[in-house]
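Spelled out, the chains give:
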Amino acid sequence: MTSIAPAETVLELRDVTFRRDGTQILDGIDLTVRAGEHWALLGPNGAGKSTVLGFCGALTFPTSGTVDVLGRRLGRVELQELRRHIGHVNPRHPVRSPLTVTEVVLTGITGTLELPMRWEPTGEEVRRAHDLIHAVGLDERREARWPTLSQGERGRSLIARALIAEPRLLLLDEPTTGLDVAAREQLLETIDGLSHSAPELASVLVTHHLEELPETTTHALLIAHGRIVARGSIDDAVTTETVTRAFEHRIRVEKADGRWSARAVRERAGAARS
Ligand SMILES: Nc1ncnc2c1ncn2[C@@H]1O[C@H](COP(=O)(O)OP(=O)(O)OP(=O)(O)O)[C@@H](O)[C@H]1O
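Scope of this entry: the structure provided in the associated data block.

Rules and cut-offs
- Residues numbered from 1 in each chain as written.
- Predicted model: local features only at pLDDT ≥ 70, side-chain atom pairs only at ≥ 80, totals over all residues.
- Heavy atoms only, no water.
- Helix = DSSP H or I, 4+ residues; strand = E, 2+ residues; numbered from the N terminus.
- Rg over C-alpha atoms; globule rule 2.2 N^0.38 Å.
- Buried < 20%, exposed > 50% of the residue type's maximum accessible area, 1.4 Å probe, protein only.
- Salt bridge = Lys/Arg side-chain N within 4 Å of Asp/Glu carboxyl O.
- 1 Å grid on protein atoms, 1.4 Å probe; cavity = no way out; pocket = protein on both sides within 12 Å on 5 of 7 lines; lining within 4 Å.
- Points joined across faces, edges and corners; volume = space filled by probe spheres on them.
- Nonpolar A, V, L, I, M, F, W, Y, C, P; charged D, E, K, R; others polar.
- Domains from an automatic or database assignment.
- Pairing = 2+ DSSP bridges.
- Phe/Tyr/Trp six-rings, centres within 6.5 Å; stacked < 30°, edge-to-face > 60°.
- Contact = heavy atoms within 4.5 Å.
- Lys, Arg positive; Asp, Glu negative; His and termini not counted.
- Polar contact = N/O pair within 3.5 Å; in protein donor to acceptor, adjacent residues only side chain to side chain.

The next point concerns the overall build of the protein chain. Each helix and strand counted, the protein chain has nine helices and twelve strands in total. The C-alpha atoms of the protein chain give 20 Å as radius of gyration, which agrees with the globular expectation for 274 residues (19 Å, within 12%). Each principal axis of the C-alpha atoms in the protein chain carries an extent, and together these give about 70 × 55 × 45 Å. For the protein chain, the residues scored as buried account for 46% of the 274 residues in total.

And the structure:
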């Protein structure tokens with residue numbers, strides 16, 4: 001009998017705690033993300049999602065416990081080097097000058113906000129930027145300047161920017177916030193496309209909204225008050241019971257055509273009397 005080796009571990013948090021100003025913000029967080037897995041990090045406001053993402057992105061150190069990103073332990077390696085292998089999509093990414101979409105994508109190679117003075121991309125790098133812009137569906141906007149882009153176009157540009165450095169881990173921090181329904185669906189389609197175009201890539205996506213989960217999400221970590229409520233394959237971890245517990249509100253979770261939705265369970269006065 002042949003056994004298939006588990007995919008390589010990309011990210012491992014073990015018994016992580018985080019304390020600030022005498023307040024316990026995270027407690028007992030364990031998480032293992034392997035190559036090719038797409039995790040959702042879910043929970044109510046203030047649950048600790050951004051703090052967890054800060055560890056995943058090698059931005060924050062835990063108070064106790066260990067964080068290994070791409071096989072290297074935070075606290076023992078140079079963070080700047082590690083961050084080069086992590087794609088971080090932050091919708092609040094501050095682009096201050098009117099760069100074109102192509103230029104913004106190229107800043108993913110230099111890891112900077114602006115194109116550094118005296119830095120010239122090679123022809124191959126420009127070709128790669130154009131290929132990614134094509135992959136996120138922005139061919140016609142490739143020379144458009146940042147201030148003229150819609151929120152959705154910015155989101156898709158930032159995914160191309162994150163991917164140009166060929167990361168092994170992609171972090172998406174509420175990527176669909178503020179998008180209208182069509183722009184949200186286009187962005188989710190772009191994210192879903194990654195499981196074909198970059199099958200080894202692992203991702204962690206933060207959201208409050210189940211409707212904003214890409215269909216290709218494989219796993220979920222649900223947290224509330226800095227502690228794990230559920231963790232595992234998405235279908236086991238995201239249920240009416242776990243979401244109700246995490247959000248401390250009666251919520252019905254449904255899945256149809258690969259997508260999730262959540263609604264509050266309402267007591268109807270008439271129904272209650274009959
Ligand atoms: N450096 C810090 N110092 C003090 N408190 C902090 C710090 N960082 C986070 N917190 C607190 O920790 C809690 C968790 O914050 P975090 O931003 O991780 O939550 P979140 O789940 O991402 O919330 P939201 O959904 O509202 O963005 C919050 O109560 C926040 O105020």
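Now for the pattern of salt bridges. Under the defined criterion, the tally for this structure stands at 15 salt bridges. Between Glu254 and Arg263 there is a salt bridge, with the nearest N and O atoms lying 3.7 Å from each other. The class for Glu254 is partly exposed, based on a relative accessible area of 37%. Here the salt bridges share partners, and the residues they tie into one network are Arg72, Glu81 and Arg84.

A separate point is the layout of surface pockets. Vacant regions in the atomic arrangement are exposed by a probe of water-molecule size rolled over the atoms. Of the pockets and cavities examined, the largest pocket occupies roughly 700 Å³. Around the largest pocket, the lining is made up of 22 residues, and of these Arg83, Ile86, His88, Gly111 and Arg161 lie nearest the centre. Only α2 (79-83), β6 (86-89), α3 (101-110) and α5 (151-163) provide two or more residues apiece to the lining of the largest pocket. The dominant element in the lining of the largest pocket, judged by the number of residues it contributes, is β6, at four residues. A breakdown of the residues in the lining of the largest pocket according to their chemical character gives nine nonpolar, ten polar and three charged. The residue makeup of the lining of the largest pocket includes at least three contributed by each of domain 1 (1-85 + 167-238) and domain 2 (96-166). Considering only enclosed or pocket space, the second largest pocket measures out at about 320 Å³ in volume. Leu132, Ala135, Leu163, Leu194 and Ser197 are, among the 18 residues lining the second largest pocket, the residues nearest its centre. Elements represented by at least two residues in the lining of the second largest pocket include exactly α4 (123-135), α5 and α6 (181-197). Looking at which element gives the most residues to the lining of the second largest pocket, the answer is α6, with six residues.

Further remarks concern the sheet that holds strand β1 (residues 9-20). Sheets are built from strands that pair by backbone hydrogen bonding, the pairs being arranged parallel or antiparallel. The strand order across the open sheet formed by four strands is β2-β1-β4-β5, and the pairing between neighbours is antiparallel. The open sheet has two edge strands, β2 (23-34) and β5 (72-73), and neither has a second partner. Sheet analysis places β1 next to β2, joined by eight bridges and oriented antiparallel. Pairing of Leu11 across the sheet is with Val33, part of β2.

Each aromatic ring pair is summarised here by two numbers: the centre-to-centre distance and the angle between the ring planes. Throughout the structure, instances matching the rule amount to one aromatic pair. On the numbers, 5.8 Å between centres and 75° between planes, the contact of Phe18 with Phe55 is edge-to-face. Within this pair, whereas Phe18 is found in strand β1, its partner Phe55 is found in helix α1 (residues 49-56), the two being separated by 37 residues in sequence. Comparing Phe18 with Phe55 shows no difference in burial state: the two are buried.

Here Ala7 shows up in the segment before β1. For Ala7 and Ile191, which are 184 residues apart along the polypeptide, the C-alpha to C-alpha distance reads 21 Å. In contact with Ala7, not counting residues within four places along its chain, are Arg34 and Ala35.

Moving on: the side chain of Glu212. Among the structural elements, Glu212 can be located in the loop between β8 (202-207) and β9 (219-224). Among buried charged residues, Glu212 stands out as having no salt bridge; its nearest opposite-charge side chain is Arg184, 5.2 Å away. A polar atom in the side chain of Glu212 sits 3.2 Å from the side chain of Thr207. Beyond its immediate sequence surroundings of up to four residues, Glu212 is in contact with Thr176, Arg184, Leu188, Leu205 and Thr207.

Structural measurements only, silent on function.
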